[in-house]
Amino acid sequence: MRTLFFTILFIAPALFIQAQTMPDAVKKVSDKYACGSCHLLDKRLVGPSWKELARKKYSAKTMLKLIREPQPGNWPNYPPMAPIPNMTSGEAKLIADWLSKLN
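Residues numbered from 1 in each chain as written. Predicted model: local features only at pLDDT ≥ 70, side-chain atom pairs only at ≥ 80, totals over all residues. Heavy atoms only, no water.

Caption draft 1: Region of interest: the packing of aromatic side chains. Applying the stated criterion across every chain, the model contains two aromatic pairs. Between W50 and W98, the aromatic rings sit 5.5 Å apart at their centres with planes inclined by 70°, giving edge-to-face as the arrangement. Taken together, the residues span a long stretch of sequence, with W50 in helix α3 (residues 50-55) and W98 in helix α5 (residues 89-101) at a distance of 48 residues. Both residues of the pair, W50 and W98, count as buried. Pairing W75 with Y78 gives two aromatic rings, centres 5.8 Å apart and planes at 80°, and the pair type is edge-to-face. Overall, W75 belongs to the buried group, its relative accessible area being 18%. (Phe/Tyr/Trp six-rings, centres within 6.5 Å; stacked < 30°, edge-to-face > 60°. Helix = DSSP H or I, 4+ residues; strand = E, 2+ residues; numbered from the N terminus. Buried < 20%, exposed > 50% of the residue type's maximum accessible area, 1.4 Å probe, protein only.)

Caption draft 2: Helix α2 (residues 24-32), seen in detail. Of the residues making up α2, those classed as buried are V26, V29 and S30. End-on view of α2: buried residues confined to an arc of 100°, all on one side of the axis. What points out from α2, more than 90 degrees from its buried face, is the exposed set D24, K28 and K32. Here the buried face of α2 lies against α3 and α5. Taken from the residues just after α2, A34 is the one with a positive phi, measuring 55°. (Arc of directions from axis to C-beta. Contact = heavy atoms within 4.5 Å.)

Caption draft 3: Region of the structure containing the pattern of salt bridges. In total, this model carries three salt bridges according to the counting rule given. One salt bridge connects E91 with K32, and the closest N-O pair in it is separated by 2.8 Å. Placement of E91 in helix α5 and of K32 in helix α2 is noted, with a sequence separation of 59 residues between them. Owing to a relative accessible area of 11%, E91 belongs among the buried residues under this scheme. (Salt bridge = Lys/Arg side-chain N within 4 Å of Asp/Glu carboxyl O.)

Caption draft 4: Quick look at the packing of α2 against α5. Following both chains from N to C, one finds α2 and α5 inclined at 125°, their axes separated by 9 Å at the closest point. Between α2 and α5, the crossing angle belongs to the class labelled oblique. Crossing angle aside, the handedness with which α2 passes α5 is left-handed. Residues A25, V26, V29 and K32 of α2 lie in contact with α5, whose contacting residues are E91, L94, I95 and W98. Each residue belonging to the contact of α2 with α5 can be placed in one class, and the counts come to six nonpolar, no polar and two charged. (Axes fitted to C-alpha atoms, helices over the stretch in contact; angles between N-to-C directions. Parallel < 35°, antiparallel > 145°, perpendicular 65-115°, else oblique. Left-handed = near helix turned anticlockwise from the far one by under 90°. Nonpolar A, V, L, I, M, F, W, Y, C, P; charged D, E, K, R; others polar.)

Spatial relationships are all this shows, so hold off on functional conclusions.
Okay, here's the thing in structure tokens:
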């Protein structure tokens, strides 16, 4: 019984957090463009959290457009994002696909 309690209390949340982490390919893109300097998984930093972004359900095409030409009106309570004009459509698709799987 103690083992089950310990597992539910300590191990299960850690496994859930680990399941919500960024895949290597997405992390590589995030690191390349320093996305992590403004976005955390589930907390506001400078920009919205990745989970907040996921709730917008942006398509890869829309996400790429907003990354290249940010629209501050979409996130009125945040500082404007700096444009990232050189992100490729493939890189934006990696991020969008990952975000579509976050809950």
